[in-house]
Amino acid sequence: MREIVLDTETTGFDPESGDRIVEIGAVELMGHIPTGNTYHQYINPERMMPNEAFQVHGLGDEFLRDKPKFAAIADAFLEFVGDSKMVIHNASFDMKFLNAELRWLGKRQLPWEQAIDTLAIAKKKFPGSPASLDALCRRFNIDNASRTLHGALLDSEILAEVYLELVGGKQPDFGLSQARNEPSQATNADAQWRPLPRPAPLPTRITEMEKAAHAAFVAKLGANALWSKD
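Rules behind the numbers
Residues numbered from 1 in each chain as written. Predicted model: local features only at pLDDT ≥ 70, side-chain atom pairs only at ≥ 80, totals over all residues. Heavy atoms only, no water. Pairing = 2+ DSSP bridges. Helix = DSSP H or I, 4+ residues; strand = E, 2+ residues; numbered from the N terminus. Axes fitted to C-alpha atoms, helices over the stretch in contact; angles between N-to-C directions. Contact = heavy atoms within 4.5 Å. Phe/Tyr/Trp six-rings, centres within 6.5 Å; stacked < 30°, edge-to-face > 60°. Buried < 20%, exposed > 50% of the residue type's maximum accessible area, 1.4 Å probe, protein only. Lys NZ or Arg CZ within 6 Å of the ring centre and 35° of its normal. Parallel < 35°, antiparallel > 145°, perpendicular 65-115°, else oblique. Left-handed = near helix turned anticlockwise from the far one by under 90°. Core = buried A, V, L, I, M, F, W, Y, C linked by side-chain atoms within 4.5 Å. Arc of directions from axis to C-beta. Polar contact = N/O pair within 3.5 Å; in protein donor to acceptor, adjacent residues only side chain to side chain.

Caption draft 1: Just the sheet that holds strand S2 (residues 21-30), in detail. Strand order across the open sheet formed by 5 strands is S3-S2-S1-S4-S5, with mixed pairing between neighbours. Either end of the sheet is taken by a strand with one partner, and the two such strands are strand S3 (33-42) and strand S5 (115-117). Strand-to-strand twist in this sheet, taken as the mean axis angle between neighbours without regard to direction, amounts to 25 degrees. Of the strand pairs in this sheet, strand S1 (residues 2-10) and strand S4 (residues 85-88) are connected by 3 bridges, and their pairing is parallel. Residue pairing in the sheet places Glu-3 in a bridge with Lys-85 of S4. Packing against the sheet, helix H5 (residues 118-125) makes contact with S4 and S5, and its axis sits at approximately 35 degrees to S5.

Caption draft 2: Here's a closer look at the packing of aromatic side chains. A full pass over the atoms with the stated rule returns 5 aromatic pairs. Centroid distance Tyr-42 to Phe-63: 4.9 Å. Interplanar angle 90 degrees. Geometry classified as edge-to-face. Here the residue Tyr-42 occupies a position in strand S3, and Phe-63 occupies one in helix H2 (residues 61-64), the gap between them amounting to 21 residues. We classify Tyr-42 as partly exposed; its relative accessible area is 25%. Feature note: the residues Tyr-39, Phe-77 and Phe-80 constitute an aromatic cluster, connected by ring pairs. Between Arg-2 and the ring centre of Phe-80, over which it is positioned, the NZ or CZ distance is 5.3 Å.

Caption draft 3: Region of interest: the packing of H5 against helix H7 (residues 152-166). Their axes nearest at 11 Å, the elements H5 and H7 cross at an angle of 40 degrees. Between H5 and H7, the angle is such that the two are oblique. As H5 packs across H7, the resulting crossing turns out to be left-handed. Between H5 and H7, the residues in contact are Thr-118, Ile-121, Ala-122 and Lys-125 and Leu-159, Tyr-163, Glu-165 and Leu-166, respectively.

Caption draft 4: The nonpolar core, seen in detail. Formed by 24 residues in total, the largest nonpolar core has its most connected members in Leu-6, Ile-24, Phe-70, Phe-77 and Leu-110. Looking at this core, the elements with two or more residues in it are S1, S2, helix H3 (70-81), S4 and helix H4 (91-104). Among the elements that take part in this core, H3 stands out by supplying 7 residues, more than any other. Setting aside residues up to four positions removed in sequence, Leu-6 forms contacts with Gly-25, Ala-26, Phe-77, Val-81, Met-86, Val-87, Ile-88, Leu-98, Ser-156 and Leu-159. Listed in part, the 22 residues of the second largest apolar core include Ile-116, Leu-133, Phe-140 and Leu-164.

Caption draft 5: Summary view of the environment of Ile-116. Mapped onto the elements of the fold, Ile-116 is located in strand S5. Along the primary structure Ile-116 and Tyr-163 are separated by 47 residues, whereas in three dimensions their C-alpha atoms are 9.8 Å apart. Those residues in contact with Ile-116 that lie beyond four places of it in its chain are Glu-3, Lys-85, Met-86, Val-87, Ile-88, Ile-121 and Tyr-163.

Caption draft 6: Geometry of H5. For H5, the full list of buried residues reads Thr-118, Leu-119 and Ala-122. The buried residues of H5 occupy an angular sector of 105 degrees when the element is viewed end-on, so they sit on one face. Across H5 from its buried face, at more than 90 degrees, point the exposed residues Lys-123 and Lys-124. On its buried face, H5 is in contact with S4, S5, helix H6 (133-139) and H7. Capping the start of H5 is the job of one residue whose side-chain oxygen sits 3.0 Å from the backbone nitrogen of Leu-119: Asp-117.

Next up, the structure:
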């Protein structure tokens with residue numbers, strides 16, 4: 001099963017108000033294992049960078065000026081993603097930006113059901129607890145010391161580790177998914193089987209010498225010894 005762990009950085013919060021994507025980072029997983037295959041692209045947003053957004057990701061106008069526009073990278077991005085599930089933290093945010101950019105170019109939209117929202121998973125698994133990426137890193141003891149600013153590729157790599165913990169660890173099924181897909185030979189009787197009591201108890205393995213040594217040890221402990229109580 002191929003999955004793409006994805007993150008974006010933007011100029012703001014609302015594409016319908018003129019905000020644009022300035023960075024996309026993505027990490028490929030195959031069977032919940034990182035393959036080492038990644039996608040990373042800085043993008044010229046064709047507008048000025050608000051200071052509030054710059055303080056979040058540090059991507060300024062001068063740095064982005066010579067980067068390709070979204071129109072130039074859209075096809076390569078869609079090809080990388082394909083029809084694989086996209087693992088995104090707060091998926092509604094990134095999906096609305098990606099689909100807005102694609103819609104403006106007349107490109108195919110990414111279906112909402114293609115996204116897996118790790119924020120929703122975390123809130124369901126740990127109700128009432130902080131569910132930000134930093135909070136989940138602390139919960140799962142994942143090192144994010146290099147995350148002084150938001151960066152799409154770095155955040156995707158961190159999110160991949162968080163996602164694997166959320167679904168049960170770095171090998172959540174321990175390779176049993178194939179076994180689950182194979183026809184089961186177990187019958188109802190097999191599923192309901194329970195061990196029966198032994199017809200005769202096993203003989204003791206304690207020798208008489210060991211019994212005597214234990215009794216002598218307990219005697220030294222006095223009348224309040226645990227072994228002296230019924």
